[in-house]
Amino acid sequence: MAKTWIKALAYSWLMLVLGACQQETNETLLRQLDQEISQFESLIELTDLRIELKPAKSTPFDASNNSNFEETLANEIKTETLQNFFDSLSVGIRIAHPYTLINVDTDLYKLQSLLGHDSFYFMEHADMTPRFHPTEVVYLDGQRASVTDEYVSKAAITAKYKADSQMENRTPAERWVLQQSQARSSSDFFVLTKAKPITSITYDISLPYRETRVGHASAAGDTLSTPAGDIKLLAITGNQIRYQIPTAVAEHITVQALYQDGRPLRKQGSNSATLYSGQKINDLRQALDEMRGARKQVKRGRITTQEELEKYLEPRLDGLPGLQEPAQYLQVTATYAGPVSKVTFIIPESDVKTLNFTSTYPLDTWEEEKEYRVAADFATGKNGIIDNDGNWMVEPAMDQYFRMLNRHYFTDQIDNRENQYHFDPATGRLKKVDYLLVESAIYQDRYVRVSRQTNGPRGLAEVATGKVVLPMEHTMLHLQDEKFWIAGKNGKEGVLDSALRQVLPARFDNIDFDNGFFQARRGKTLDLYDSKGRNLTHGKYDHFKRFSDGRLLASVSRKNQDGLVRQYAYFLDRQGKVAIDLAARGFSQAKVFRNGLAAVRDAESERWGFINPAGKLVLPMRYKDVSFGFFEASGYAPVRLSNGTSALIDKQGNVIKTFTGSFSHVRYEGDDENRYLRAGKNWYDAFGNPVQPE
């Protein structure tokens with residue numbers, strides 16, 4: 001690309017050589033002339049240069065690789081699309097008392113794609129980037145306020161300090177905006193002059209644009225007219241193009257090279273050379289001869305001062321009007337990711353206009369932060385806690401790692417050691433505690449799990465006071481049904497109620513909670529306990545399934561008179577008493593109740609049927625197999641019919657759908673609606689629809 005000094009030749013050559021000290025020596029004048037002569041020689045050499053276009057070397061082109069293409073082709077601006085774009089932008093907020101610091105991720109890369117420009121557009125046309133102007137905020141307390149005149153932005157700073165000499169008067173907030181803008185050019189930064197928490201902010205957004213037309217060229221010599229002159233395609237060779245474009249409009253025209261299928265190729269680079277008229281080139285040559293003549297005069301001692309040099313050159317150069325003629329055309333060579341089929345020129349048809357948008361951005365507020373939150377002090381960088389009015393509840397004295405865990409606990413990190421603090425919002429007291437939270441969750445709106453060290457023995461602390469109310473000596477603490485704690489200690493398990501009173505002592509090997517009951521095993525003995533800790537089964541059974549529809553499937557293995565071990569199964573009620581004696585009813589097997597019915601197997605026919613919680617046979621013994629039971633979501637059950645066909649049936653026994661292959665697996669994901677069954681190699685949901693489980 002031509003050097004920047006070439007552009008200066010649009011002005012008189014005298015502006016380049018005048019103004020030096022009047023007492024110049026001959027050696028200084030010679031050096032000055034030699035420099036100017038060299039520059040003129042280079043410029044004339046560039047005007048004579050003829051570029052031979054050859055395909056650029058590159059890696060093999062892959063048309064299936066999207067990275068070789070721009071995201072979109074030039075298209076008409078759609079305000080709805082742009083409004084949706086602006087509405088989707090990400091806005092970040094941080095309070096640094098007495099300010100609120102805001103940044104908008106402008107996502108210029110995506111915007112220039114929506115506008116039909118290449119990935120260099122905003123880099124080359126910074127004046128066409130959108131302008132964001134905050135207008136209104138909604139505070140956490142619901143109050144609305146105009147902020148039109150209460151913010152600091154880069155644009156406002158530039159307008160305020162028009163002279164560089166004034167920049168030393170910038171405020172700390174203005175310095176922050178400029179520093180952030182320089183570090184992260186993809187975002188717009190603002191400082192609101194108030195430190196009150198907000199839930200949303202509204203911006204007026206102005207987007208400069210020009211109305212355009214799209215022209216195409218596919219062969220050397222194709223031209224497109226502009227008010228400043230014609231655009232001319234000079235050549236397409238492989239993945240390179242060369243074109244001539246008027247200098248006056250070059251920076252406003254977007255050029256896209258298209259692949260054979262019409263997709264715009266990604267540009268890899270370009271270079272350009274300035275083209276001058278014949279008059280200008282002739283005058284440049286004449287000026288060069290005059291400067292060489294002046295050099296001879298200096299060399300011979302006939303010109304010894306700057307004044308004499310000016311007197312010699314001025315009349316000779318004033319008669320060369322081409323020296324002040326601006327360059328009319330650029331010749332551009334551009335290289336793309338793949339072979340070019342056609343070139344598109346997006347040509348502005350109007351002066352710059354403005355599209356206006358308004359977007360409101362809701363700001364995520366953590367539930368725990370709705371009354372107070374961590375904030376920094378802008379001057380010191382220290383953190384404290386402020387209320388919803390922006391007033392300090394805890395003065396800023398904590399380090400940069402200080403953050404909220406939940407509404408009563410905060411944490412920081414000093415010298416790689418974590419410290420945690422209990423906060424009482426009623427008194428504003430922040431006190432360091434000698435334990436760590438296992439996690440930030442608050443249980444029963446009353447307790448947090450705590451430990452002396454990571455993965456150490458656990459206890460419970462009361463969130464209101466920060467006091468440890470259950471000693472940190474438990475290997476396990478699990479809350480069940482928001483009512484009971486299963487607590488492990490010294491290898492044994494017990495149960496505590498919500499007031500931390502003992503329900504079951506810590507002497508069991510394992511305890512499982514099931515619908516308000518506890519299945520507790522101690523050695524080989526398994527028993528069912530109610531919520532009061534009463535034993536309902538007294539060692540009568542050695543296996544339980546789970547409670548469903550008020551029935552618990554229990555079994556016990558006993559020796560028969562012939563010495564063989566046989567398993568006996570029962571459905572128990574909520575008092576632990578036998579509600580259905582399966583063996584006495586002639587049933588050899590059963591599955592748990594699901595959706596009001598349980599599958600049972602007839603001991604003689606070995607066929608399956610379904611009973612209700614009262615033990616009444618609802619669907620007769622006619623199924624070869626039952627895979628699961630009735631799904632909650634659909635009310636259907638997967639079975640194998642008497643002829644061996646796999647099917648889904650409803651509660652009346654009607655066949656809803658048949659399948660190829662037998663049901664071999666039921667998979668559970670999330671809630672009951674996400675149960676899947678497999679027939680052969682295929683998966684189906686509870687309604688029998690084909691699916692592909694994640």
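Conventions adopted
- Residues numbered from 1 in each chain as written.
- Predicted model: local features only at pLDDT ≥ 70, side-chain atom pairs only at ≥ 80, totals over all residues.
- Heavy atoms only, no water.
- Helix = DSSP H or I, 4+ residues; strand = E, 2+ residues; numbered from the N terminus.
- Rg over C-alpha atoms; globule rule 2.2 N^0.38 Å.
- Contact = heavy atoms within 4.5 Å.
- Areas by Shrake-Rupley, 256 points an atom, 1.4 Å probe, with all protein chains shown as cover.
- 1 Å grid on protein atoms, 1.4 Å probe; cavity = no way out; pocket = protein on both sides within 12 Å on 5 of 7 lines; lining within 4 Å.
- Points joined across faces, edges and corners; volume = space filled by probe spheres on them.
- Nonpolar A, V, L, I, M, F, W, Y, C, P; charged D, E, K, R; others polar.
- Pairing = 2+ DSSP bridges.
- Axes fitted to C-alpha atoms, helices over the stretch in contact; angles between N-to-C directions.
- Salt bridge = Lys/Arg side-chain N within 4 Å of Asp/Glu carboxyl O.
- Buried < 20%, exposed > 50% of the residue type's maximum accessible area, 1.4 Å probe, protein only.
- Phe/Tyr/Trp six-rings, centres within 6.5 Å; stacked < 30°, edge-to-face > 60°.

Engineer: Please explain the overall build of the protein chain as it appears in this structure.
Structural biologist: Helix and strand counts for the protein chain stand at 10 helices and 50 strands. Here the protein chain has a C-alpha radius of gyration of 42 Å; the compact-globule value for 694 residues is 26 Å, and the former is much larger. Taking the principal axes of the C-alpha coordinates as reference, the protein chain spans close to 140 × 70 × 45 Å. When contacts within the protein chain are restricted to residue pairs at least 6 apart in sequence, long-range pairs at least 24 apart make up 52% of them. Entry remark: accessible area of the protein chain is about 36,400 Å², with carbon and sulfur atoms responsible for 45%.

Engineer: Explain empty space enclosed by the protein here, please?
Structural biologist: It is the rolling of a water-molecule-sized probe over the atoms that shows where space remains empty. Taken as a whole and assessed by the stated rule, the structure comprises four cavities of 30 Å³ or more. Here the largest cavity defines a volume of roughly 50 Å³. Together, Thr100, Val137, Tyr139, Val147, Glu150, Leu192, Thr193, Lys194, Lys196 and Ile198 line the largest cavity. Split by residue class, the lining of the largest cavity holds five nonpolar, two polar and three charged.

Engineer: I keep staring at the sheet that holds strand E8 (residues 212–217) and nothing clicks. Help me out?
Structural biologist: In any sheet, the strands associate via hydrogen bonds between backbone groups, in a parallel or an antiparallel arrangement. In spatial order, the strands read E8-E15-E12; together these three strands make up an open sheet with antiparallel pairing. In this open sheet, the two edge strands, each paired with only one partner strand, are E8 and strand E12 (254–258). Between one strand axis and the next, the sheet turns through 20° on average, direction left out of account. Sheet analysis places E12 next to strand E15 (residues 342–348), joined by five bridges and oriented antiparallel.

Engineer: Would you explain the pattern of salt bridges in this entry?
Structural biologist: Working definition: two side chains of opposite charge can pair if their charged atoms are close together. The tally for this structure, following the rule as stated, stands at 19 salt bridges. For the salt bridge of Asp141 with Lys196, the shortest nitrogen-to-oxygen distance reads 2.9 Å. With Asp141 in the loop between strand E3 (131–139) and strand E4 (144–146) and Lys196 in the loop between strand E6 (187–192) and strand E7 (198–209), this residue pair connects regions lying 55 residues apart in the sequence. As a salt-bridge pair, Arg263 and Asp261 come within 2.8 Å of each other at their nearest N and O atoms. Take Arg263: its relative accessible area is 28%, and that puts it in the partly exposed class.

Engineer: Help me understand the layout of surface pockets, please; the structure alone is not making it clear to me.
Structural biologist: Estimated volume of the second largest pocket: approximately 680 Å³. Together, 26 residues line the second largest pocket, and Leu108, Thr129, Lys154, Ser185 and Asp188 are the ones closest to its centre. Elements with a minimum of two residues in the lining of the second largest pocket: helix H5 (108–114), helix H6 (121–124), E3, strand E5 (151–153), helix H7 (154–160) and E6. Examining the composition of the lining of the second largest pocket, we find that four residues originate from one element, E6, more than from any other.

Engineer: Would you explain the pairing of strand E33 (residues 517–522) in this entry?
Structural biologist: In summary, the side chains of a regular strand alternate between the two faces of the sheet. In this sheet, E33 lies alongside strand E32 (residues 510–514) in antiparallel orientation, the contact comprising five bridges. Its bridge partner being in E33, Phe513 is matched across the sheet by Phe518. The hairpin formed by E32 and E33 contains two residues between the paired strands, and Asn515 there has a positive phi angle of roughly 50°. With five bridges connecting them, E33 and strand E34 (residues 525–529) associate as antiparallel partners. Across the sheet, the residue bridging to Arg522 is Thr525, located in E34. Hairpin connection from E33 to E34: two residues lie between these consecutive antiparallel strands, with Gly523 at a positive phi of about 65°.

Engineer: When you look at the packing of aromatic side chains in this model, what are you seeing that I'm missing?
Structural biologist: Aromatic rings in a pair are described by how distant their centres are and how their planes are angled relative to each other. Applying the stated criterion across every chain, the model contains 34 aromatic pairs. Ring centres of Phe85 and Phe86 lie 5.2 Å apart, and the angle between their planes is 65°; on these two criteria the pair is classed as edge-to-face. For Phe86, a relative accessible area of 0% translates into the label buried. Between Phe410 and Phe423 the ring centres are 5.8 Å apart and the planes differ by 90°, which places this aromatic pair in the edge-to-face class.

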